[in-house]
Protein chains: 2
Amino acid sequence: MRHIDEDTITQAVIARHAAAGDARLVEVMTSLVQHLHAFARDVKLTEAEWHGGLRFLADCGRVSSGPRQELALLSDTLGLSMLVGTLNRRRPRGVTESTLPAAADAGADEHGSEPCFVRGRVRTLDGRPVAGARLRIGASAPRAAAPAETGADGSFLLAARAAPARAVVHDGPVGRMLAALGRQPWRPAHLPLTIEAPGCEPLVTQLFRSGSEHLDSDAAFAVRSSLIADWVRHEPGQTPDGAFSDVPFYCIDFDFVLHAQEPPA
Amino acid sequence: MRHIDEDTITQAVIARHAAAGDARLVEVMTSLVQHLHAFARDVKLTEAEWHGGLRFLADCGRVSSGPRQELALLSDTLGLSMLVGTLNRRRPRGVTESTLPAAADAGADEHGSEPCFVRGRVRTLDGRPVAGARLRIGASAPRAAAPAETGADGSFLLAARAAPARAVVHDGPVGRMLAALGRQPWRPAHLPLTIEAPGCEPLVTQLFRSGSEHLDSDAAFAVRSSLIADWVRHEPGQTPDGAFSDVPFYCIDFDFVLHAQEPPA
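Residues numbered from 1 in each chain as written. Chains lettered and ligands numbered in written order. Predicted model: local features only at pLDDT ≥ 70, side-chain atom pairs only at ≥ 80, totals over all residues. Heavy atoms only, no water.

Engineer: Mind laying out the overall build of chain A, listing which residues take part and the relevant values?
Structural biologist: When you go through chain A residue by residue, the secondary structure sums to six helices and 14 strands. Expressed as lengths along the three principal axes of its C-alpha atoms, the size of chain A is roughly 80 × 45 × 30 Å. Among the 265 residues that make up chain A, the fraction classed as buried is 51%. When contacts within chain A are restricted to residue pairs at least 6 apart in sequence, those whose partners lie at least 24 apart make up 63%. (Helix = DSSP H or I, 4+ residues; strand = E, 2+ residues; numbered from the N terminus. Buried < 20%, exposed > 50% of the residue type's maximum accessible area, 1.4 Å probe, protein only. Contact = heavy atoms within 4.5 Å.)

Here it is as structure tokens:
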């Protein structure tokens with residue numbers, strides 16, 4: 001292995017991993033090294049570009065802290081999050097589509113100014129209503145908004161805030177990358193939400209606002225046509241929960257179809 | 001583009017870059033996105049692995065500071081540095097081979113304990129001696145050791161310290177990666193050096209010690225057979241520079257062949 005050159009280096013690196021005990025790790029690293037090297041060869045990566053790329057990744061790591069995760073944002077904006085989500089969440093047609101929690105949302109203002117009500121039913125693919133399903137705004141930790149729970153007929157009413165279209169955090173390395181690529185940092189208006197119900201797979205998804213700008217240019221590539229819904233604007237008055245709003249509010253009618261959980265192996 | 005799925009996401013991302021002004025950036029990013037997505041598809045990357053990878057890169061960025069550049073070390077240990085070096089430094093056969101400055105050396109102790117003398121001649125490919133060439137230990141900034149200069153016949157004598165085989169910095173994310181892959185973190189004994197001469201391309205290279213452990217398993221994949229030299233051990237006594245050493249010392253005889261610089265365009 002002393003005569004390693006540009007043609008043999010890839011195999012030389014892969015051969016070093018033969019002693020690893022974790023077969024899956026070897027599989028992943030073998031493919032990673034092959035694609036990384038093929039990329040460098042395909043574009044004949046210059047030393048300046050290589051230096052720039054390493055510096056870029058180091059900068060991403062340095063600004064990452066708490067809710068701000070620049071590498072996850074990079075993954076969102078390069079379509080990797082969307083791809084990994086679809087690779088791992090193949091569900092029968094008819095089940096409500098999921099989206100990976102978008103790192104792009106972290107650090108952005110989650111609070112819209114206008115009340116927004118999501119109402120509908122939760123059911124399984126075979127049409128049975130799901131009672132006791134809990135719906136909440138957001139993808140991970142519970143947010144300020146109270147969760148809603150479905151009744152015996154699967155119906156729910158979830159109170160939220162209508163957030164407008166907003167840009168991903170773009171004052172860091174990823175923002176500079178988007179600018180250099182002539183890309184805008186905006187995401188369309190959307191409502192991230194999570195549904196959990198006994199016997200069903202948890203659903204993490206987003207409801208996109210029909211007619212919103214950036215539906216065709218979501219910086220995080222998360223839009224699915226099946227998740228675009230009408231956000232119907234109402235003048236001040238009585239809201240679906242029987243209260244009164246002195247500002248305009250939105251209603252979204254949307255039914256969710258959950259996937260019955262696989263029984264434990 | 002609202003019907004993006006796992007088959008169309010790659011093209012959707014690439015299409016977003018069409019507006020970028022920098023054609024080379026578009027070329028590099030197009031290939032990067034294609035290979036990144038192909039990697040995720042090939043191994044069917046799980047969400048846990050994706051999370052782990054993002055966390056790993058963020059950790060690499062966070063520990064990088066000053067001479068410690070964990071992403072560069074990652075590049076070294078995955079063979080990317082070696083590949084980029086050879087892609088960009090193709091020189092006619094006969095010219096002394098170069099190596100990219102190994103990030104793997106940064107942060108490691110550069111100071112060997114025993115005196116070491118490198119002596120030989122510097123010439124061009126057509127055999128002309130190179131007078132006034134400056135040789136120094138290290139890849140970038142001048143080190144403690146004084147540089148040497150070639151005479152009219154191209155001969156030089158460079159005083160250095162013989163560093164033993166040593167491990168790359170492995171108390172961080174890259175060290176954990178190497179351990180998980182069953183790889184050792186050692187580099188063979190080597191002497192990094194730089195030669196600069198008027199009219200010639202600068203040469204950054206390393207002289208590896210013949211017989212050193214790890215010549216076949218350099219963690220940074222930098223060994224070239226043409227750069228392996230005998231480090232001849234001498235008992236205490238008179239040294240090549242006419243001084244006296246009361247500890248054992250090494251002599252390395254090595255001739256360097258520089259590449260005549262392209263005239264400015």
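Engineer: Got a sec to walk through the sheet that holds strand β7 (residues 190-196) of chain B? Specific residues and values, please.
Structural biologist: Residue and element names in this part refer to chain B. Spatial ordering of the open sheet is given by β3-β2-β7-β8-β9, a layout of five strands whose pairing is mixed. The strands lining the two open edges of the sheet, one partner per strand, are β3 (148-149) and β9 (228-229). The pairing of strand β8 (residues 203-209) with β9 spans two bridges and is classified as parallel. Looking at the pairing, Phe208 lines up with Ile228 of β9. (Pairing = 2+ DSSP bridges.)

Engineer: Can you tell me about the interface of chain A and chain B, naming the residues and giving the values?
Structural biologist: Listed by partner, the interface residues are 76 residues for chain A and 75 residues for chain B. Of the roughly 7100 Å² buried at the junction of chain A and chain B (both faces included), carbon and sulfur atoms supply 62%. At the boundary of chain A with chain B, the tally comes to six salt bridges. B:Glu47 is paired through a salt bridge with A:Arg89; the nearest N and O atoms lie 2.6 Å apart. Elements with a contribution of two residues or more to the side of chain A that touches chain B: α1 (9-16), α2 (23-42), α3 (47-63), α4 (70-77), α5 (80-88) and α6 (173-180) of chain A. (Buried area = accessible area lost by both parts, 1.4 Å probe. Salt bridge = Lys/Arg side-chain N within 4 Å of Asp/Glu carboxyl O.)

Engineer: Provide a residue-level description of the sheet that holds strand β7 (residues 190-196) of chain A, including the pertinent values.
Structural biologist: All names here are of chain A. The strand order across the open sheet built from five strands is β3-β2-β7-β8-β9, with neighbouring strands paired in mixed fashion. In this open sheet, the two edge strands, each paired with only one partner strand, are β3 (148-149) and β9 (228-229). The pairing of β7 with strand β8 (residues 203-209) spans six bridges and is classified as antiparallel. Within the sheet, the bridge partner assigned to His190 lies in β8 and is Phe208.

Engineer: Before we move on, could you go through the packing of aromatic side chains and cite the residues and values that matter?
Structural biologist: The geometry of an aromatic ring pair comes down to the distance between the two centres and the angle between the two planes. Summed over the entire model, instances satisfying the criterion amount to seven aromatic pairs over all chains. With 6.0 Å between their ring centres and 85° between their planes, A:Phe117 and A:Phe249 make a pair best called edge-to-face. Here the residue A:Phe117 occupies a position in strand β1 (residues 114-124), and A:Phe249 occupies one in strand β13 (residues 249-253), the gap between them amounting to 132 residues. Take A:Phe117: its relative accessible area is 6%, and that puts it in the buried class. Classification of A:Phe249 as buried rests on a relative accessible area of 3%. Their ring planes at 50° and their centres at 4.9 Å tell us that B:Phe254 and B:Phe256 sit as a pair that is tilted. We note that B:Phe254, like B:Phe256, is buried. (Phe/Tyr/Trp six-rings, centres within 6.5 Å; stacked < 30°, edge-to-face > 60°.)

Engineer: How would you sum up the relation of the copies chain A and chain B? Please name residues and give values.
Structural biologist: Superposing chain A onto chain B requires a rotation of 180° together with a translation of 0.0 Å along the rotation axis, leaving an RMSD of 0.1 Å. Seen this way, the second copy is the image of the first under a two-fold rotation axis. For chain A, the residue whose C-alpha comes nearest the rotation axis is A:Gly61, separated from it by 2.0 Å. Same-surface contact between copies: 99% of interface residues of chain A are shared with the interface of chain B. (Least-squares fit on C-alpha atoms with pLDDT ≥ 70 in both.)

Engineer: Go over the confidence of the model for chain A, please, and point to the residues and values.
Structural biologist: Taken residue by residue, chain A gives an average pLDDT of 91. The fraction at 70 or more is 92%. Note on the complex model: pTM 0.91, ipTM 0.91. (pLDDT = per-residue confidence, 0-100.)

Engineer: Any details on the pairing of β13(A)? Residues and values, ideally.
Structural biologist: Residues and elements named next belong to chain A. Buried residues dominate β13, accounting for four of its five residues. Bridging between β1 and β13 involves four bridges; their strand directions are parallel. Opposite Val118, over in β13, you have Ile252 as the bridge partner.

Engineer: Give a description of the environment of A:Leu135 that names residues and reports values.
Structural biologist: Residue and element names in this part refer to chain A. Mapped onto the elements of the fold, Leu135 is located in strand β2 (residues 134-137). By relative accessible area, Leu135 is classed as buried at 1%. It is 22 Å that separates the C-alpha atoms of Leu135 and Phe244, two residues lying 109 residues apart in sequence. Non-local contacts of Leu135, meaning those with residues more than four positions away in its chain, are made with Val122, Pro147, Ala148, Thr150, Phe156, Leu158, Thr194, Ile195 and Phe256.

Engineer: Which residues make up the side chain of B:Glu47, and what values do they have?
Structural biologist: Structurally, B:Glu47 can be placed in helix α3 (residues 47-63). Among the polar contacts made by the side chain of B:Glu47, one reaches the side chain of A:Arg89 at a distance of 2.6 Å. Residues contacting B:Glu47, with those up to four places away along its chain left out, are A:Val84, A:Gly85, A:Asn88, A:Arg89 and A:Leu100. (Polar contact = N/O pair within 3.5 Å; in protein donor to acceptor, adjacent residues only side chain to side chain.)

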